Amino acid sequence: MSNLKMKEAALIYLDRSGGLQKFIDDCKYYNDSKQSYAVYRFKILINPSDVVELDAELGNHILHQPLKAAEVFQSVCFIAVKTLSLIGQLQTETQINIVLKLTHLPPLPSYGLDLCEFPLDYTSQRFYMMQGIVIAMTTVTKYTQGARFLCSDEACPLSKGFQYIRVHVPGATESATIRNDFLCNLCASSLQEDRKFRVLGDKQIVEIIATKGLHAFQGHSNNQPFRFQSVTIFLRDESVNKMNIGNEYKIIGIPTCVKTSQTAVCIEANSITFCNSKVPSGISDNFRCLLSLTSSSCWKFTAILANIFASQITPPGTYNLLKLCLLMSLVQTTDRNKELEDCLDILIITSDTLLIDRLLNFSINLVPRGIRHLVSAEIFPTLSRNKYGTGAVSIQAGSALLAKGGICFIGDLASHKKDKLEQLQSVLESRNITVYIPGKKFGEDTDQQMTFPVQCSFWSFVDMDSSSRRNAQKINTLIGQMDCSLIPANLVEAFGLLINCNESSPCHPFLSTVQHTLKKAINPEGLLYAASRQFTTEDFEKLLAFAKNLNVEFSLEAERMTHGYYLASRRIRTDSICGSKLSASALKYLVFLSEAHARLNLRNKVLKEDVLIAALLFETSLTLKYGATAFCVAPNAVFPFELYNEEYLEQRDLYLTQCQQQLEQFIATYGPGTTIFSSDE
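With an unreviewed UniProt entry as reference, the protein is termed Minichromosome maintenance domain-containing protein 2, source organism Macaca nemestrina. Regarding the protein, the relevant UniProt record gives this comment under Subcellular location (unreviewed entry): "Chromosome". Of the protein, the UniProt comment under Function (unreviewed entry) reads exactly: "Plays an important role in meiotic recombination and associated DNA double-strand break repair."

Peer 1: Residue-level account of the environment of Ala176, with values.
Peer 2: Along the chain, the position of Ala176 falls in helix α6 (residues 174–177). Judged by relative accessible area, Ala176 falls into the partly exposed class, the value being 25%. Each C-alpha atom, one on Ala176 and one on Thr144, is 10.0 Å from the other, the two residues being 32 residues apart in sequence. Setting aside residues no more than four positions away along its own chain, Ala176 makes contact with Arg166 and Phe182.

Peer 1: Break down the nonpolar core for me, with residues and values.
Peer 2: Core analysis: the largest hydrophobic core is formed by 86 residues, its most contacted members being Phe540 and Tyr565. Ranked by residue count, the leading element in this core is helix α20 (residues 608–626), at 10 residues. Other than its neighbours up to four places away in sequence, Tyr565 contacts Leu590, Ala615, Phe618, Glu619, Leu622, Phe631, Leu663, Phe666 and Ile667. Core analysis: the second largest hydrophobic core is formed by 58 residues, Leu421, Ile433, Phe458 and Leu624 among them.

Peer 1: Could you give an account of unusual backbone geometry, with specific residues and numbers?
Peer 2: A positive phi is found at Asp237, a non-glycine position, where the angle reads about 55°. On the basis of relative accessible area, Asp237 is assigned to the buried category, the value being 15%. A positive phi is found at Asn241, a non-glycine position, where the angle reads about 65°. In this fold, Asn241 is placed in the loop between β8 (231–236) and β9 (248–259). For Asn241, a relative accessible area of 52% puts it in the exposed group.

Quick notes on the rules
- Every chain is numbered on its own, with residues counted from 1 as its sequence reads.
- Given that this is a predicted model, residues contribute local features only at a pLDDT of at least 70 and side-chain atom pairs are listed and counted only at 80 or more, while totals for whole chains, interfaces and linings are drawn from all residues.
- Processing note: side-chain calculations cover all non-hydrogen atoms of the structure and skip hydrogens and water entirely.
- UniProt positions are given in the numbering used here, feature names are shortened, and annotations may be inferred rather than shown by experiment.
- Here a strand is any run of E in DSSP of at least two residues, a helix any run of H or I of at least four, and the numbering for each starts at the N terminus.
- Type-normalised accessible area, obtained with a 1.4 Å probe on protein chains alone, sets the label of each residue: buried when under 20%, exposed when over 50%, and partly exposed for intermediate values.
- For this analysis, residues touch if any pair of their heavy atoms sits within 4.5 Å.
- In plain words, nonpolar cores are sets of buried Ala, Val, Leu, Ile, Met, Phe, Trp, Tyr and Cys residues tied together by side-chain atoms within 4.5 Å.

Here is the structure:
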């Protein structure tokens, strides 16, 4: 009686939800087909909340005994087919393969599976919800959805018909569906597969890690040990190719135990949902107050941010130019499922690699996808054999794809081999990486290739005091140009910003840095400055999270100034022999820098004051690469004074106003519409 009641409830649910009509349409497709089928597969969308309200027992079966629940729907569908004469060729109930697809699970702790908890429950054969980031995936291969077997004894009644049908169930291996030792229940003779009725489906294997597992790739430790391990997800049929490396997903599935060379816990995926991070509601009260106090200026707020940023690593007032660029790069990251095209790559020339390393490492931890690349790992995807013996190639993510939407800090460029640097240059220019899969090596008939978008910003530095650089012969350079002879010129060009950080310069007083280091050695956890106590790391995290989700657009005058500066700068850096030293991507970087400065000011509109900062930063970088030109910018143009108080901020505003006038004059002289421009330009 209980089973009959559940069947009635299942039929009512199918009727109310529209599932019955979809089932009838699917049956019509099978009935009209000229092909003969041994297995008829039907996908039924299930809303557990609606089912529980209709019939608690059926809802309980769906959530906790999904295989038995599928049998209930199988029986209902078989009766419907026979009653309504939907499929003429259907003979037995076992020919119907029901796949229940859940829309969600109850938001209760018992339905969540924490990938960092131990042990994982893989014995209950029920649905769980887990969340994780894809770190590896295989190519798509085939598996057996269903098969027909016949008794080998021709005299046996079961040597004909569709009595022996085997279909794949969650957690089953290929050998559970297809094997040569099945016996007839009637005469005990061996069963033989009727191969012409075998049904194949698509299969893909994906590895995920818990989101908190990214802490292992962020280069910091809070002295709290934690355990994480990748978990294997089996995607089948409709779910194949629904997941991408580097993305974060919520997965509903059934944990199972698969025995390979090692026993591994795997998940049979039922449904997949992409995870979008929540957009923060605002910023801290201290930053809100600071924004209000500096509202009369378009430059003061970001100047103060750069001044006080990372005071745990370096004293306020030091490395302001670099810290401003880091903040601007951070606000160009994204947590949403969109292509990150507005990347700001930064290459730093320094003689204090330890401090720069600490500063960059601190900065990447302020965004969810800040990845510190380890020298022992790979930056870009690599290939390996799949450990489950499916014949598929496993593609491992690498640091760059793991940093999707964020920052990939690759450390010292000198620590990477020549071939890796060439690969990095290619990625910086094209923003994608192609993986070649040799078929012969991995048992395939043909070679394959897969292309992945690389959607992160790259940070790196070069040690000016390395032994190879000290012993290298100095080449003649132009005024303002850095000697970057040990770095491939094309690689330097591929980085959007080149920054010179010399701690002995007036912008980076050496004494304050030494005092800071000594105090930190004595009191590592201490907050040495008032700024550290007033504007905490959490405040900066909230500020960046809010700023990077702002949608910005250019004002008309800002757009004109951007194009004017680009064309003028391109004009004066063009010669008849080498052509222009500015590529088309230079305009793109100018736009990104302007947008970043507007976002950091928490504005939705890019103003010409933002374009000025972008132009100064970009011109400083160009001067380091190629030397100074008619638009001569001082190395410390963005921060000409040490920011001690309001008076110095006012002096900086006056200085930047003069720079803006110089920029406008430069555009008027060399920009579009001037006599020195040819008709083609």
